[in-house]
Amino acid sequence: FDQDGIPDQVSTFFDIYSFSNVLALSGVDGQTIWKYSNDLQGVFEPYRPGNSNYDLTNDGIPDLISAIGFSPTKGEIACINGSSGLPEWVVDWNDVVDLAKEKYGEQIYSAYDTPIWVSPSTEFPNSLEVFVTITNYDPFSSMDEVRKILRLSGDSGEILGFVDFPRNLMPWSNELTRHLQF
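So, here's what we can say about the structure. (Residues numbered from 1 in each chain as written. Predicted model: local features only at pLDDT ≥ 70, side-chain atom pairs only at ≥ 80, totals over all residues. Heavy atoms only, no water.)

### A word on the overall build of the protein
Okay, step 1: Helix and strand content of the protein: one helix and eleven strands.
Okay, step 2: Residue burial in the protein is summarised as follows: out of 182 residues, 45% are buried.
Okay, step 3: Restricting to contacts in the protein with at least 6 residues of sequence separation, those with at least 24 account for 41%.
Okay, step 4: For the protein, the exposed surface amounts to about 9400 Å²; the carbon and sulfur share of it is 48%. (Helix = DSSP H or I, 4+ residues; strand = E, 2+ residues; numbered from the N terminus. Buried < 20%, exposed > 50% of the residue type's maximum accessible area, 1.4 Å probe, protein only. Contact = heavy atoms within 4.5 Å. Areas by Shrake-Rupley, 256 points an atom, 1.4 Å probe, with all protein chains shown as cover.)

Written as structure tokens, this is what we have:
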């Protein structure tokens, strides 16, 4: 993130006021390069750091896609600028939940811990897409778990839709991208 040629690290935590934070830390000395925080007070879990292999802002520095605080009412998916730590775009979790209810009649409760990944778009030339595995998993419910893959525009965070998650794969499978069909 600091362009010194030494790989940097991403760390996540929530503070005493329960604001979630993402830190970019120098690979040389561990000093903070930047910090991103949200205003989702009362979410008692840290961000899930996601993919930072792509430069979504075209500034030569990889950007970070991260997700936080998923419940039926709170959360976000953010594209964090790798050079500044400022959000490029943010998707409100309520928008995802509402669209899933509208399309499928299903309540989506959370994003899976992993994966969040970025890949070249198969539909839009010279564009990247962000994929987030989401689920209706509720430990207090007897309903069958349903997983979907949320598709977002890498440029704007616009929700492009959902893809059914192949039932025979686990969320961390490296075979997942071979099974995606749009």
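Right, picking up where we left off after that structure.
### Some thoughts on the packing of aromatic side chains
How two aromatic rings sit relative to each other is set out by the distance from centre to centre and by the angle between their planes.
Okay, step 1: Under the defined criterion, the tally for this structure stands at one aromatic pair.
Okay, step 2: Each ring, one from F1 and one from W34, has its centre 5.6 Å from the other, and the planes form 70°; the classification is edge-to-face. In this pair, F1 sits in the segment before β1 (9-14) while W34 sits in strand β3 (residues 32-37), placing the two residues 33 residues apart along the sequence.
Okay, step 3: On the basis of relative accessibility, which here comes to 16%, the residue F1 falls in the buried class.
Okay, step 4: The exposure class assigned to W34 is buried, which follows from its relative accessible area of 5%. (Phe/Tyr/Trp six-rings, centres within 6.5 Å; stacked < 30°, edge-to-face > 60°.)

### Considering the nonpolar core
Okay, step 1: Counting 21 residues, the largest nonpolar core has I65 and I77 as its most contacted members.
Okay, step 2: Among the secondary structure elements, those contributing two or more residues to this core are β5 (64-68), β6 (76-80), β7 (87-92), α1 (93-104), β8 (110-120), β9 (128-135) and β10 (147-153).
Okay, step 3: The next biggest cluster of nonpolar side chains, apart from the first, holds nine residues, and it includes A24, Y36, I61 and I80. (Core = buried A, V, L, I, M, F, W, Y, C linked by side-chain atoms within 4.5 Å.)

### Observations concerning α1
One turn of an α-helix holds 3.6 residues; hence residues three or four places apart share an orientation.
Okay, step 1: Between its first and last C-alpha, α1 extends 16 Å over twelve residues, near the 16 Å set by a 1.5 Å rise per residue.
Okay, step 2: Taken together, the buried positions of α1 are occupied by W93, V96, V97 and A100. Seen along its axis, α1 keeps its buried residues to an arc of 95°; they face one direction.
Okay, step 3: Positive phi appears at G105, one or two residues downstream of α1, with a value of about 70°. (Expected span 1.5 Å × (residues − 1). Arc of directions from axis to C-beta.)

### With respect to the pattern of salt bridges
Okay, step 1: Counted by the stated rule, this structure contains two salt bridges.
Okay, step 2: Two residues, E123 and R151, come together in a salt bridge whose shortest N-O distance is 2.6 Å. A residue pair is termed long-range when its members are at least 10 positions apart, and E123 in the loop between β8 and β9 and R151 in strand β10 qualify at 28 residues.
Okay, step 3: According to the relative accessible area criterion, E123 is partly exposed, its value standing at 43%.
Okay, step 4: Counted as one network, the salt bridges with shared partners bring together E123, E129 and R151. (Salt bridge = Lys/Arg side-chain N within 4 Å of Asp/Glu carboxyl O.)

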